[in-house]
Amino acid sequence: MNPDRTIRNLALIGFMGTGKSTVGHAAAYHLGFDFVDTDRLIEARAHKSVADIFAQDGEEVFRELERQVVEDLAQCDRTVIATGGGLGANLDHLVSLKRHALVVCLWTTADVIWERVRHHSHRPLLRVPNPRAHIRELLARREPFYRQADVLVNTGPRRLRDVICHVLREFASARRSARRR
Ligand code: S3P
């Protein structure tokens, strides 16, 4: 870890269904940090659900709201930030998050993701004729961005508890070697 990094927060990025919110909540509890979920922040600002933003205003409007939220996250302190799946697939957003947070990517395969999300109908990007193929394609397109996280955690073979412990260990070690401001 670059000693010039400032690590006040922990940001979780990764594809839909990788457990960012669940792991984020648990990590925040263990650290005594606040917890924010970027999708919930966007919904509170837009006064509608992510699904409605996509349906009524389009993805571009959602991405603009996401951009504004990323900017505002720089004000966070002692916060675990769970991000929407597309947020960490944007280089500007990654650079911005790394200014104040350790960026951890939760990773798993397209098949595992499909098994986890197939019965959830609230995700607008999966309302397509062949969601399984779409996951594979989108994951491949996003992988080069996700790989730029500070830490990549393969959640597939791990139990939830082990993922949380692993993330907490990585965070503690990064905070030890980075400057704490
Ligand atoms: C998206 C993932 C969703 C949500 C939106 C777009 C994406 O969040 O932000 O539907 O582009 O992958 P989750 O990763 O929490 O499902």
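Higher on the page you've got the structure.
Treat the numbers as computed from the prediction; the structure is a model and nothing was measured.

Here we come to the packing of helix α2 (residues 38-46) against helix α4 (residues 59-73). One can describe the packing of α2 onto α4 by two numbers: an axis separation of 10 Å at closest approach and a directional angle of 110 degrees. When the axis of α2 is compared with that of α4, the two are roughly perpendicular. At the point where α2 passes α4, the crossing takes the right-handed sense. Residues Thr38, Asp39, Leu41, Ile42, Arg45 and Ala46 of α2 form the contact with α4, whose own contacting residues are Phe62, Leu65, Glu66, Gln68, Val69, Asp72 and Leu73. For the contact of α2 with α4, the residue count by class is seven nonpolar, two polar and four charged.

Okay, the pattern of salt bridges next. According to the stated counting rule, one finds 16 salt bridges in the structure shown. Glu59 is the salt-bridge partner of Arg63, the closest N and O atoms lying 3.0 Å from each other. A residue pair is termed a helical-turn pair when its members lie 3 or 4 positions apart in one helix, as Arg63 and Glu59 do in helix α4 at four residues. On the basis of relative accessibility, which here comes to 22%, the residue Arg63 falls in the partly exposed class. Among the charged side chains, a salt-bridge network with shared partners connects Asp37, Arg40 and Glu43.

This part covers the layout of surface pockets. Here the largest pocket defines a volume of roughly 650 Å³. Along the walls of the largest pocket sit 37 residues, with Met16, Gly17, Lys20, Asp39 and Arg123 positioned nearest its centre. When contributions to the lining of the largest pocket are tallied by element, the ones reaching two or more residues are α1 (20-31), α2, α3 (50-57), α4, α6 (110-117) and α8 (160-177). Here the lining of the largest pocket takes four residues from α1, the largest share from any one element.

Our focus in this paragraph is the site of the ligand. Lining the immediate surroundings of the ligand are 13 residues, of which Lys20, Asp39, Arg63, Arg123 and Arg142 lie closest. One of the side-chain nitrogen or oxygen atoms of Lys20 is found 2.6 Å away from an oxygen atom of the ligand. The side chain of Arg142 places a nitrogen or oxygen atom 2.7 Å from an oxygen atom of the ligand. Considered on its own, the ligand offers 390 Å² of accessible surface; in the complex 92% of this is hidden by protein. With respect to the pocket detection grid, the ligand is positioned in the largest pocket.

By the element assignment, Phe33 lies in the loop between α1 and β2 (34-37). Separated by 132 residues in sequence, Phe33 and Cys165 place their C-alpha atoms 15 Å apart. Beyond its immediate sequence surroundings of up to four residues, Phe33 is in contact with Arg8, Ala28, Arg78, Thr79, Val80, Phe171 and Arg175.

Definitions and cut-offs
- Every chain begins its residue count from 1, and numbering advances along the sequence as written.
- Given that this is a predicted model, residues contribute local features only at a pLDDT of at least 70 and side-chain atom pairs are listed and counted only at 80 or more, while totals for whole chains, interfaces and linings are drawn from all residues.
- As a rule here, side-chain values come from all non-hydrogen atoms in the structure, and water together with hydrogens is ignored.
- Each axis is a line fitted through C-alpha atoms, taken for helices only over the stretch in contact, and angles between the N-to-C directions span 0 to 180 degrees.
- Where helices and strands are cited, they refer to DSSP runs of H or I of at least four residues and of E of at least two residues respectively, numbered from the N terminus.
- Roughly parallel refers to an angle under 35 degrees, roughly antiparallel to one over 145, roughly perpendicular to one between 65 and 115, and oblique to any angle outside these ranges.
- The hand of a helix crossing depends on one turn: near helix anticlockwise from the far one by less than a right angle means left-handed, and clockwise means right-handed.
- The contact rule is simple, with two residues in contact once any of their heavy atoms fall within 4.5 Å.
- Polar here means any residue other than Ala, Val, Leu, Ile, Met, Phe, Trp, Tyr, Cys and Pro, which are nonpolar, and Asp, Glu, Lys and Arg, which are charged; Gly is therefore polar.
- Salt bridges are counted wherever a side-chain nitrogen of Lys or Arg sits within 4 Å of a carboxyl oxygen of Asp or Glu.
- Buried means the residue's accessible area, taken with a 1.4 Å probe over protein chains only, is under 20% of the maximum for its type, while exposed means over 50%, and partly exposed covers the values in between.
- Think of a 1 Å grid over just the protein atoms. A cavity is a set of points where a 1.4 Å probe fits yet cannot get out, a pocket is an open set with protein on both sides within 12 Å along at least five of seven lines, and lining residues have an atom within 4 Å of a point.
- Grid points are joined across faces, edges and corners, and a volume is the space filled by probe spheres set on the points.
- Only heavy atoms are used to decide nearness, and a residue is near a molecule or strand if one of them lies within 4 Å of it.
- Contacts described as polar in this section are N or O atom pairs within 3.5 Å, which, within protein, must combine one atom able to donate a hydrogen with one able to accept it, while residues neighboring in sequence count only if both atoms come from side chains.
- Values of accessible area rely on a 1.4 Å probe in the Shrake-Rupley scheme; residue burial ignores everything except the protein chains shown.
- Whether a molecule sits in a cavity or pocket is decided by its atoms, more than half of which must lie within 2 Å of the grid points.

Geometry only, nothing functional implied.
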